[in-house]
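Read off the chains here:
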Amino acid sequence: MADFKKIRIGVAGQGRSGYSIHVKTITGLPEMFELVAVADLLPERREDAVKLVPGCKTYEKAEEMLQDGNIELMVVSTPSYLHTAHTRAALAAGRGVLCEKPFALTLADFDETVSEAKKLGRFLAPFQQRRYEPSLAKIQEIIAAGTLGRIVHCRVAMHNFARRWDWQTLKQFGGGQLYNNCPHVIDLGLQLFGPEDPSEIFGDLQRTLASGDAEDHVKITLKRKGQPTVDIEWFATDAFGTDLWTIMGTSGTLRGSVNALEWKSVDWKDYPPRPVDPTPTKGRSYNSEKLHFKDDKWEMPKETTDNATLFYRDLYHSFREGKELHVTVESVRRQIVIIDHCRKTCPV
């Protein structure tokens, strides 16, 4: 670590993500990163950064911060509707960029931004830290082992019952859960969907409890022949809650959260074949057989590095050494395709 050349970072936006996720993670990796500047409209938020990192420069606007020649990499964590403008301004100013989700509000904005970065030869990365979820890695391991058989259906769901009345409930600011939290569940769902893009996308966007005009109910279904059907949900009207993960296969089922998973499976080699018998069933009964399930469980290890730190460690090696990020820009484009489709085909 002593030979590492620190990346000098400026963070635009000091809201929940900009401060609690990015600034806290950056300052937690002092051997790799140096926080040299922040930008935010609110003076008290700028003061918090200086308290945490004495000597950190502060600016009211992201555009002003870009005049700071000491910044190598700019983190764009401003309100969603400003992500494209601030990313492109940073690229034009000669900075590398790490952009919070949503990377862009439209597919056109996404493609234009990526094209601009390539033309200018600038570093550009999407922040999608939940791709590092240990529960996702465990599920992928179980699926690859064939424990659940052929995967037929997956559901990735984040449900609660709550009202919101902040800026993220307003369309004019790029609000709504499709842009706010759904980039996480869409991204997780795509990791289970398979390598090919969906041939069918169904979306249902509704405003239920939110005070603004944007959606707080999102249902998306992805389909393609030969790949599992994937349901993606963010609901604000489920007072009971539900599992984050539900995976159904021809040999078993898995369910669980980020902290714990459980699955049960059968080994069909232990059972006799069941060829079709078209004759009437004895006693007018349904077919039935006694199945013996193998029950398994997994719990998050107590000593686990948080997802943001894992992301930033990869970011360092990508920015300094040119190694490919675990979360590539191209992989996030699949997510933006779905968001763009839903916004166009099922307006709130």
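Everything below is about the structure printed above this text.
So, a few notes on the structure that sits alongside this text. Residue indices begin from 1 for each chain and proceed along its sequence in written order. Local features in this predicted model are restricted to residues whose pLDDT is 70 or higher, and side-chain atom pairs enter the listing and the counts only when it is 80 or higher, whereas totals over whole chains, interfaces and linings include all residues. Side-chain measures were taken over the full set of non-hydrogen atoms in the model, leaving aside hydrogen atoms and water.

1. Quick look at the packing of helix α1 (residues 16–27) against helix α2 (residues 43–52)
When two helices pack together, you describe them by how their axes are tilted relative to each other and by the distance separating the axes. Rule in force here: In this analysis, axes come from line fits to C-alpha atoms, helices being fitted only over the stretch in contact, and the angle between any two N-to-C directions falls in the range 0 to 180 degrees. Secondary structure follows DSSP: runs of H or I at least 4 residues long count as helices, runs of E at least 2 residues long count as strands, and numbering of each begins at the N terminus. Should an angle lie under 35 degrees it is considered roughly parallel, over 145 roughly antiparallel, and from 65 to 115 roughly perpendicular; all remaining angles are considered oblique. Put simply, a crossing is left-handed when the front helix is turned counterclockwise from the back one by less than a right angle, and right-handed when it is turned clockwise. In this analysis, two residues are considered to be in contact whenever any of their non-hydrogen atoms come within 4.5 Å of each other. Three classes are used: nonpolar for Ala, Val, Leu, Ile, Met, Phe, Trp, Tyr, Cys and Pro, charged for Asp, Glu, Lys and Arg, and polar for all others, with Gly counted as polar.
Following both chains from N to C, one finds α1 and α2 inclined at 20°, their axes separated by 11 Å at the closest point. With respect to their mutual orientation, α1 and α2 come out roughly parallel. Pair α1 / α2 crosses with right-handed handedness. Of the residues in α2, those touching α1 at Tyr19, Val23, Lys24 and Thr27 are Asp48, Ala49 and Leu52. Residue classes in the contact of α1 with α2 are distributed as 4 nonpolar, 1 polar and 2 charged.

2. A short note on the pattern of salt bridges
Keep this limit in mind: By salt bridge we mean one thing: a side-chain nitrogen of Lys or Arg within 4 Å of a carboxyl oxygen of Asp or Glu. Here's how the labels work: a residue is buried when its accessible area is under 20% of the maximum for its type, exposed when over 50%, partly exposed in between, all with a 1.4 Å probe on protein chains only.
Counted by the stated rule, this structure contains 21 salt bridges. A salt bridge links Glu215 to Arg343; the shortest N-O distance between them is 2.9 Å. Remark: Arg343 occurs in helix α10 (residues 329–345) and Glu215 occurs in the loop between β8 (200–206) and β9 (217–223); sequence separation between them is 128 residues. Exposure remark for Glu215: the relative accessible area of 2% places this residue in the buried category. For Asp340, the salt bridge identified is with Lys344, shortest N-O distance 3.0 Å. Remark: Lys344 and Asp340 occur in helix α10; sequence separation between them is 4 residues, near one turn of the helix.

3. Observations concerning the environment of His153
Quick reminder of the rule: Residues adjacent in sequence count toward polar contacts only when both atoms are side-chain atoms; beyond that, a polar contact is any pair of N or O atoms within 3.5 Å, and within protein one must be able to donate a hydrogen and the other to accept it.
Within the fold, His153 resides in strand β7 (residues 151–159). If sequence neighbours within four positions are ignored, His153 has contacts with Pro228, Thr229, Asp231, Thr246, Ile247 and Met248. One polar contact links His153 to Asp231, side chain to side chain, over a distance of 3.1 Å.

4. With respect to the packing of aromatic side chains
What counts is decided by this rule: Aromatic contacts are taken between Phe, Tyr and Trp rings whose centres are within 6.5 Å, Trp giving its six-membered ring; a plane angle under 30 degrees counts as stacked, one over 60 as edge-to-face, and the others as tilted. As a reminder, the over-ring test applies to NZ of lysine and CZ of arginine, requiring each to be within 6 Å of the ring centre and within 35 degrees of the ring normal.
Applying the stated criterion across every chain, the model contains 10 aromatic pairs. Measuring from ring centre to ring centre gives 6.1 Å for Tyr132 and Phe311, while their planes differ by 75°; the resulting arrangement is edge-to-face. Taken as a pair, Tyr132 in the loop between β6 (124–126) and α6 (134–144) and Phe311 in helix α9 (residues 307–321) lie far apart in primary sequence, 179 residues in all. Members of the aromatic cluster, each reached through a chain of ring pairs, are Phe33, Phe127, Tyr132, Phe311, Tyr312 and Tyr316. Directly above the aromatic system of Phe293 lies the positively charged group of Lys264, at a separation of 5.1 Å from the ring centroid. The side chain of Arg343 reaches across the aromatic face of Tyr179, ending 4.6 Å from its centre.

5. Regarding the environment of Val327
Along the chain, Val327 falls in the loop between α9 and α10. Taking the C-alpha atoms as reference points, Val327 and Leu315, 12 residues apart in sequence, are found 9.6 Å from one another. If sequence neighbours within four positions are ignored, Val327 has contacts with Pro126, Gln128, Arg131, Tyr132, Phe311 and Val332.

6. Details of the pairing of strand β12 (residues 252–256)
What counts here: Note on pairing: two strands pair once DSSP finds at least 2 bridges between them.
What you see with β12 is a clean split: Gly252, Leu254 and Gly256 sit on the buried side and Thr253 and Arg255 on the side with no burial. Sheet topology places strand β11 (residues 245–249) next to β12; 5 bridges connect them, and they run antiparallel. Each residue of the ladder has a partner; that of Gly249, found in β12, is Gly252. Sheet analysis places β12 next to strand β13 (residues 260–265), joined by 5 bridges and oriented antiparallel. Looking at β13, one finds that Gly252 is bridged to Ser265. Here β12 folds back onto β13, and the loop between the two strands holds 3 residues.

7. Here's the deal with the state of the cysteines
Convention followed: Cysteine sulfurs are considered disulfide-paired once they come within 2.5 Å of each other.
Following the criterion strictly, the structure yields 0 disulfides and no others. Looking at the unpaired Cys342, the closest cysteine sulfur is the one in Cys346, lying at 4.7 Å. Take Cys342: its relative accessible area is 0%, and that puts it in the buried class. On the basis of relative accessible area, Cys346 is assigned to the buried category, the value being 11%.

8. Examining the sheet that holds strand β5 (residues 96–99)
The 6 strands lie next to each other as β3-β2-β1-β4-β5-β6, forming an open sheet whose pairing is parallel. Edge positions in the sheet fall to β3 (57–59) and β6, since each of these pairs with one other strand and no more. Across the sheet, the mean angle from the axis of one strand to that of its neighbour is 25°, orientation sign disregarded. Of the pairings in the sheet, the one linking strand β1 (residues 7–12) to strand β2 (residues 33–39) comprises 6 bridges and is parallel in character. When the bridges of β2 are listed, Gly10 appears paired with Ala37.

9. Considering unusual backbone geometry
A cis amide bond links Lys101 to the next residue, Pro102, at an omega of -5°. Tracing the backbone shows Pro102 in the loop between β5 and α5 (107–120). Although it is not a glycine, Arg284 adopts a positive phi angle of roughly 55°. In this fold, Arg284 is placed in the loop between β13 and β14 (294–299). Of the residues examined, Arg284 reaches a relative accessible area of 84% and is grouped as exposed.

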